[in-house]
Structure formats: C-alpha cells, structure tokens
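One-letter residues, chain by chain:
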Amino acid sequence: MKKRMLMAAGLALALVLSAAGCGKKKEEPKTQPMTVESTVETSSETSEVLPEGKMRSYLTGEVISSKVGLKRPYAIMINNIKDSLPQSGISDAEMIYECKVEGGITRLMAVFQDVYKAKKIGSIRSARHYYIDLANDNDAIYVHFGQSKYAKARIEKEKIKTISGLSSYGGKVFYRTKDRVAPHNVFTNAKMLKEGLKATGISRKYPEGYTARFKFNKEDTPLAQGKTAEKVNIPFDSNPYFVYDKSTGLYNRFQYGQKHIDTENNKQIAVKNIFVQYVREKKISSHDHQDLKLKGTGSGLYITDGKAIKVKWVKEKESDRTLFYDESGSEVVLNPGKTFFEEVPKKSVVTFGDEAPIKDKTKTASETVKK
C-alpha cells in the first residue's frame, strides 16, 4: 500500500514538474513577437507619408497629384522624320520610346499621363505592331493615325482597343494644320483625346490591384559604379545623342545635328534616365517593315547621372512587363524623373564620349526605300 502511495506521489510530482517545464517553453518565445513588432515599426518609420491627394508617379517616381497619377497614360505615335520637325508637346511626356521603322528612320512613342500640360501634341503617325508591346508595358492607351498591315492584323486578332485616326470618330480626336504638308500635319490635344475615350469606351482607370512597373529612389541617387557616360551616342540614322548637364542632372537630347526641341515651349528634350534595350531585329517585308523581338531576355544599359551600367532585360511572356536587372541580379531602381527608352538592334552598339556609334552594316531595303 505504502509502495503504491509512494509511486502515485512520484507520478504526481513528475506531472507537476513536466507542466512547469512546458510552461517555461511557452514563455521563451515571447521575444519573437517583439522582433516582428520591431520590424513593423522600422518599416513604418522608413515608409513615406505624403500630403493628402498626392502620390508617387508610376511613370517617373515623382510626387504628383493622385488625380493625375491614378489615370492610365496615353502612348502616342510621334513622327520623327526630319521633314516633320519640329515636334509639339513631347517635352511634357513622362516617357519616350524610340524604335527603328522602314527606311532606317525612327519613330517615337511619347507616353503622357499629365496630358493637359501639352496644348498640342504631334505630329502623329501610324502604328507599328511592336510598339503595342511597349505601350502595354505601361498599361497605356495606344494612340495612332493609320497603321501598317502588321499592326492592323495584331490589333484585330488581339481585339486591342486603340484610339485611331482612321475611324469614324477620327475627326473628333485629330486635326490637320495648314502650315505643313500631309502626312506631317496631324495633331491632337487633351480635350480631343477625351473624345476618343468616349467613342471607344476605353477607360483611363488602372485595373484593380495595379502596381508600379518600376522601383524608384525617393531622391536622386548616383550609381555607385559604372562607365562614364556624359555623352551617349545612339546608332540610328538621325544620329541622336544625349549630353549630360551636371547643373540640372539631366540628359539633353540632340538629333539631326541639332538640339531636339519642342516647338510649343522651345524646350530641349531632357530626361533623367536612359534605358538602352538591345533587341533582335529583322526585315519582314519588301518594303523594309521591321520586327523587333521584345519578348525573352537580352542585354542593355541603364544610364543616369553621367554613368552607365550593364543590365539584363526580361519579358518572359507577352503578358509580362519588361523589367531590368543589374549584373548582381537585382532589379534596377530608377532615379525619379523622365525616362527615354532606346530600342537598339543587337548588331548596333551605343557608344560614349567622342566615339562614333556602331551601326549595323547589314544590307537591307532601307538603302532603296525613300525616306
């Protein structure tokens, strides 16, 4: 009997000790919630609090009105042949893309979010199928006056809603001036573009859950490393180049041997960032229509504050947005400001300083096509 009582007492004591031990184990992790709490506090300390009605632009990273910043931008095709110059309104675009088209010439696509800054935009030209990908990168509304057969086929097949000059509503959105000859005299403005939205039913609201394509520094942050890039030479027939202005921190653009000027305000095109995207290019018609491979991966450059670094661009699926990564594999963080994108054929090379750009010497129809 005593033996049983001793055994029972021992068992009871063991249970008490075990319970006490378990209690201690539960108390030990109390430091973990404190760590999480601390992380949250640190995160909130570094997060930015902006005035009511303000936000960081998805396109430039600058602080702007939410009324503007929450509207989808327009991606407008801009004539860049010498006979069409000077251009109107493009100094107000948040982004500009340049691609090669037929005959060795280039065409620009200006991306406007705060479109009301520009009283007159143009001259406007026709669509090319690869510009659609560049517009989609920014969920932009594609605006054009005419289109190649390849662009037309893609727009119809993919049921892409665009604002087109060759439409029943075209006269409400575009107008021709008398100071230039066709086809270099087509222009538009913010109020007319709004008529295009009404006619097509296109919404300027971003889709639910939309997030910024790029990451931006809160303020100008020079690259820690990189090649000196105070003059950037782009290998197109119009001989475009950028010169870094240390006093403004911007790159001023030149082409055709002169300053690239917006005639509406007499301002030279100036941007904070330049992306060079080397892409595969091929001729797809006897009229020298081009095709640029913008899906997959490739090399390029990110240029800001007088320096350039090598980058890798990635767009694995057509529905993806093109992103850029540095040599360490980290996503490129842009400085706040406007960005110019140069879509350069792989066989050509961007150079710096007084060195001439290396142009593709492959014989194409561009040698016989009238410019």
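To start, this report covers the structure provided alongside it.

Rules and cut-offs
In every chain, residue numbers begin from 1 and rise along the written sequence. For a predicted model such as this one, the threshold for reporting local features is a pLDDT of at least 70, and the threshold for listing and counting side-chain atom pairs is 80 or more; totals across whole chains, interfaces and linings nevertheless cover every residue. Heavy atoms throughout the structure, all of them, feed into the side-chain values; hydrogens and water do not. Every helix listed is a DSSP run of H or I at least four residues long, and every strand listed is a run of E at least two residues long, numbered separately from the N terminus. It only takes one pair of heavy atoms within 4.5 Å for two residues to be counted as in contact. For accessible areas, the Shrake-Rupley method is used with a probe of radius 1.4 Å. Any residue's cover is judged against the shown protein chains and nothing else. Being paired, for any two strands, means DSSP has found at least two bridges between them. The salt bridge criterion pairs a side-chain nitrogen of Lys or Arg with a carboxyl oxygen of Asp or Glu, the two atoms within 4 Å. Classification of residues uses two cut-offs on accessible area relative to the type maximum, computed with a 1.4 Å probe and protein chains only: under 20% is buried, over 50% is exposed, and between them is partly exposed. Remark: nonpolar core denotes a set of buried residues (Ala, Val, Leu, Ile, Met, Phe, Trp, Tyr, Cys) joined through side-chain atoms within 4.5 Å. Any residue with an atom within 4 Å of a point lines the site, the site being either a cavity, points on a 1 Å grid over the protein atoms alone where a 1.4 Å probe fits but cannot get out, or a pocket, an open set with protein on both sides within 12 Å along at least 5 of 7 lines. Grid points are joined across faces, edges and corners, and a volume is the space filled by probe spheres set on the points. Whether two aromatic rings pair depends on their centres lying within 6.5 Å, for rings of Phe, Tyr and Trp, where Trp uses its six-membered ring; planes under 30 degrees apart make the pair stacked, over 60 edge-to-face, and the rest tilted. Counted as over-ring charges are cases with an Arg CZ or a Lys NZ within 6 Å of the ring centre that also lie within 35 degrees of the ring normal. Directions from the helix axis toward the C-beta atoms define the arc.

### Observations concerning the overall build of the protein chain
Argument step 1. The secondary structure content of the protein chain amounts to seven helices and 27 strands.
Argument step 2. Sequence separation of 24 or more characterises 62% of the internal contacts of the protein chain that already satisfy a separation of 6 or more.
Argument step 3. Surface exposure of the protein chain reaches about 19,800 Å², of which carbon and sulfur atoms provide 53%.

### So, the pairing of strand E23 (residues 307–315)
Argument step 1. Alignment of strand E12 (residues 227–228) against E23, held across two bridges, turns out to be antiparallel. Of the residues in E23, the one forming a bridge with threonine 228 is lysine 307.
Argument step 2. Looking at chain direction, strand E22 (residues 296–304) and E23 are connected through nine bridges and run antiparallel. In the strand pairing of E23, threonine 297 is matched with valine 314.
Argument step 3. Between the antiparallel neighbours E22 and E23 lie two residues, among them aspartate 305 with a positive phi of about 50°.

### Quick look at the pattern of salt bridges
Argument step 1. Applying the stated criterion to the full structure yields 17 salt bridges.
Argument step 2. A salt bridge links arginine 72 to aspartate 139; the nearest nitrogen and oxygen atoms lie 3.4 Å apart. One end of the pair, arginine 72, is in the loop between helix H3 (66–69) and strand E3 (74–78); the other, aspartate 139, is in the loop between helix H4 (129–136) and strand E7 (141–144), with 67 residues separating them in the sequence.
Argument step 3. Looking at arginine 72, the relative accessible area reads 14%, which means it is buried.
Argument step 4. According to the relative accessible area criterion, aspartate 139 is partly exposed, its value standing at 21%.
Argument step 5. Note that aspartate 137 and lysine 315 form a salt bridge whose closest N and O atoms lie 3.4 Å from each other. You can see aspartate 137 sitting in the loop between H4 and E7 and its partner lysine 315 sitting in strand E23, a full 178 residues away along the chain. Each member of the pair, aspartate 137 as well as lysine 315, carries the same accessibility label: buried.
Argument step 6. Among the ionic contacts, a cluster of salt bridges with common partners joins Asp133, Arg154, Glu158 and Glu318.

### Remarks on unusual backbone geometry
Only a minority of non-glycine residues have a phi that is not negative, and only a minority of peptide bonds are not trans.
Argument step 1. Cis peptide bonds are those with omega within 30 degrees of zero, and the linkage from glycine 122 to serine 123 qualifies with 0°.
Argument step 2. Within the secondary structure, serine 123 sits in the loop between strand E6 (121–122) and H4.
Argument step 3. A positive phi angle, close to 60°, is found at asparagine 266, a residue other than glycine.
Argument step 4. Relative to the helices and strands, asparagine 266 resides in the loop between strand E17 (261–262) and strand E18 (267–268).
Argument step 5. Using a relative accessible area of 62% as the deciding quantity, one classes asparagine 266 as exposed.

### With respect to the nonpolar core
Argument step 1. In this structure, Tyr74, Ile76, Ile163, Val232, Tyr251 and Ile303 are the most contacted members of the largest nonpolar core, which totals 44 residues.
Argument step 2. In terms of nonpolar packing, the next biggest core, distinct from the first, is built from 35 residues, Leu134, Ala140, Tyr302 and Leu334 among them.

### Examining empty space enclosed by the protein
Argument step 1. Tallying each qualifying case throughout the model produces one cavity of 30 Å³ or more.
Argument step 2. Considering only enclosed or pocket space, the largest cavity measures out at about 40 Å³ in volume.
Argument step 3. Considering the residues around the largest cavity, the lining is formed by Ile90, Ser91, Ala93, Met95, Ile96, Ile269, Ala270, Val271, Lys338 and Thr339.
Argument step 4. Those elements that provide at least two residues to the lining of the largest cavity are strand E4 (95–100) and strand E19 (270–271).

### Quick word on the packing of aromatic side chains
Argument step 1. For the structure on display, the rule yields 17 aromatic pairs.
Argument step 2. Taking 5.2 Å as the distance between ring centres and 75° as the angle between the ring planes, the aromatic pair formed by tyrosine 58 and tyrosine 206 counts as edge-to-face. Within this pair, whereas tyrosine 58 is found in the loop between strand E1 (54–56) and strand E2 (63–65), its partner tyrosine 206 is found in the loop between helix H7 (190–200) and strand E11 (215–216), the two being separated by 148 residues in sequence. Tyrosine 206 matches tyrosine 58 in its accessibility class, with the two residues each being buried.
Argument step 3. Judged by centre distance (4.0 Å) and plane angle (15°), the ring pair of phenylalanine 275 and phenylalanine 324 falls under stacked. Highlighted residues: phenylalanine 275 in strand E20 (residues 273–283) and phenylalanine 324 in strand E24 (residues 323–325), separated in sequence by 49 residues.
Argument step 4. Following the ring pairs from residue to residue traces out a cluster consisting of Tyr97, Phe214, Phe216, Phe275, Tyr302, Phe324 and Phe341.
Argument step 5. Here lysine 231 stacks its cationic end above the ring of tyrosine 241, 4.6 Å away from the centre of that ring.

### Details of the sheet that holds strand E9 (residues 175–176)
Argument step 1. The sheet built from three strands is open, its strands ordered E6-E10-E9 with antiparallel pairing. Each having just a single partner strand, E6 and E9 make up the two edges of the open sheet.
Argument step 2. Where E9 lies against strand E10 (residues 186–188), two bridges are found, and the strand directions are antiparallel. Bridge pairing in E10 places tyrosine 175 opposite phenylalanine 187.

### A short note on the pairing of E7
Argument step 1. Alternating residues of E7 divide into Ile141 and Val143 and Tyr142 and His144, and every residue in both groups is buried.
Argument step 2. Pairing geometry for E3 and E7, over three bridges, is parallel. If you follow alanine 75 over to E7, its bridge partner there is tyrosine 142.
Argument step 3. Relative to strand E8 (residues 163–164), E7 is paired through two bridges, and the arrangement is parallel.

### Digging into helix H5 (residues 149–157)
Argument step 1. Among the residues making up H5, those that are buried are Ala151, Arg154 and Ile155. Each buried residue of H5 lies within a common arc of 100° when the element is viewed along its axis, so the set occupies one face. Residues of H5 that are exposed and angled more than 90 degrees away from the buried face: Lys149, Glu156 and Lys157.
Argument step 2. Tucked inside the fold, the buried residues of H5 contact H4 and E7.
Argument step 3. At the C-terminal side of H5, lysine 159 shows a positive phi close to 55°.

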